[in-house]
Amino acid sequence: MAEYTRVGPGLPPLHGEYARVLILGSFPSPKSREQGFYYGHPQNRFWPLMAALTGSPVPQHDDIAAKKQIIIQNGMAVWDVIRSCEIRGASDASIRSVEPNDLAALIAELGVERVVCNGSTSARLYRKYALPHTGLEGIALPSTSPANASFRLDRLQQVWGQVLGPFLPRRGVTKL
């Protein structure tokens with residue numbers, strides 16, 4: 001089994017001047033840290049999902065500018081609950097010795113109305129480290145990770161769309 005490694009700080013928050021929705025992960029994966037951007041694993045369905053929900057073209061894996069544009073132009077923000085931690089490889093289940101990000105300050109600064117958590121680990125960590133400071137309930141959504149094989153992309157789109165839809169500008173949503 002892999003040894004624990006202290007990692008952090010994670011990635012800076014991604015947002016424009018305002019954001020109605022804050023999407024939270026737990027902590028960037030090794031692939032995301034390598035790429036220097038969110039959801040960097042090529043099989044993670046986050047970017048195809050965001051493109052479908054916003055009616056945007058699916059960005060190429062290495063097109064960070066297009067990914068940023070999807071988030072910012074649609075009044076969203078992306079960050080992680082954890083600033084730094086000890087972790088074994090990419091296993092969220094192994095996370096310990098957590099230093100959380102200051103989510104309350106970001107939520108207040110951007111005027112966030114809805115917090116959604118990409119998977120159950122980020123939701124659990126949000127409840128533990130941030131909810132007492134934000135007072136804004138975090139909604140746990142199915143993870144976009146390739147490890148969550150029980151949810152195909154079309155099902156992710158349905159579930160995420162129900163929660164995010166009211167907060168997104170009205171554009172043509174792409175059917176998957």
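Residues numbered from 1 in each chain as written. Predicted model: local features only at pLDDT ≥ 70, side-chain atom pairs only at ≥ 80, totals over all residues. Heavy atoms only, no water.

## Overview of the sheet that holds strand E2 (residues 21–25)
Then, in step 1: The four strands are arranged E3-E2-E6-E7 in an open sheet whose pairing can be described as parallel. Where the open sheet ends on each side, the last strands, each with one partner, are strand E3 (76–80) and strand E7 (138–141). Taking each pair of neighbouring strands and ignoring which way they run, the sheet shows an average axis angle of 25°.
Then, in step 2: Judged from the four bridges that link them, strand E6 (residues 114–118) and E7 form a sheet pairing that is parallel. The partner of Val116 across the bridge, within E7, is Ile139.
Then, in step 3: Its contacts with the sheet place helix H5 (residues 120–129) against E2, E6 and E7, and it is angled at close to 130° to E6. (Pairing = 2+ DSSP bridges. Helix = DSSP H or I, 4+ residues; strand = E, 2+ residues; numbered from the N terminus. Axes fitted to C-alpha atoms, helices over the stretch in contact; angles between N-to-C directions. Contact = heavy atoms within 4.5 Å.)

## Points about the layout of surface pockets
Then, in step 1: Taken as a whole, the largest pocket encloses approximately 590 Å³ of empty space.
Then, in step 2: For the largest pocket, the lining is made up of 30 residues, of which Ser26, Asn44, Asp92, Ser143 and Ser145 are closest to its centre.
Then, in step 3: In terms of residues, the lining of the largest pocket owes the most to one element, helix H1 (residues 30–35), which gives four residues.
Then, in step 4: Of the residues that constitute the lining of the largest pocket, the class distribution is ten nonpolar, 16 polar and four charged. (1 Å grid on protein atoms, 1.4 Å probe; cavity = no way out; pocket = protein on both sides within 12 Å on 5 of 7 lines; lining within 4 Å. Points joined across faces, edges and corners; volume = space filled by probe spheres on them. Nonpolar A, V, L, I, M, F, W, Y, C, P; charged D, E, K, R; others polar.)

## Some points on the pattern of salt bridges
Then, in step 1: Scanning the entire structure with this criterion turns up four salt bridges.
Then, in step 2: Across the salt bridge formed by Glu113 and Arg20, the nearest N and O atoms sit 3.2 Å from each other. Placement of the pair is Glu113 in the loop between helix H4 (103–110) and E6 and Arg20 in the loop between strand E1 (5–7) and E2, with a sequence separation of 93 residues.
Then, in step 3: Residue class for Glu113 comes out partly exposed when judged on its relative accessible area of 42%.
Then, in step 4: Between Arg152 and Asp154 there is a salt bridge, and its shortest N-O distance comes to 3.0 Å.
Then, in step 5: Judged by its relative accessible area of 58%, Arg152 falls in the exposed class. (Salt bridge = Lys/Arg side-chain N within 4 Å of Asp/Glu carboxyl O. Buried < 20%, exposed > 50% of the residue type's maximum accessible area, 1.4 Å probe, protein only.)

## Regarding the packing of aromatic side chains
The description of an aromatic ring pair rests on the distance of the ring centres and on the angle between the ring planes.
Then, in step 1: This structure, assessed with the given rule, holds six aromatic pairs.
Then, in step 2: With centroids separated by 6.4 Å and ring planes inclined at 40°, the aromatic side chains of Tyr38 and Tyr39 adopt a geometry described as tilted. No difference in accessibility class separates Tyr38 from Tyr39, as the two residues are buried.
Then, in step 3: An aromatic cluster is present here, built from Phe37, Tyr38, Tyr39, Phe46, Trp47 and Trp160 joined pairwise through their rings.
Then, in step 4: Directly above the ring of Tyr4 sits Arg96, whose terminal nitrogen or CZ lies 3.6 Å from the centroid. (Phe/Tyr/Trp six-rings, centres within 6.5 Å; stacked < 30°, edge-to-face > 60°. Lys NZ or Arg CZ within 6 Å of the ring centre and 35° of its normal.)

## Digging into the state of the cysteines
Then, in step 1: Counting across every chain of the model gives zero disulfides.
Then, in step 2: Lacking any disulfide linkage, Cys117 is separated from the closest cysteine sulfur, that of Cys85, by 16 Å. (Disulfide = S-S within 2.5 Å.)

## What to know about H4
Then, in step 1: Listed as buried for H4 are Leu103, Leu106, Ile107 and Leu110. Buried positions in H4, seen along its axis, are confined to an arc of 100° and lie on one side of it. Opposite the buried face of H4, at more than 90 degrees from it, the exposed residues are Ala108 and Glu109.
Then, in step 2: Summarising the contacts, the buried residues of H4 are in contact with E2, E3, E6, H5 and helix H6 (131–134).
Then, in step 3: Just beyond H4, the residue with positive phi is Gly111, at close to 75°. (Arc of directions from axis to C-beta.)

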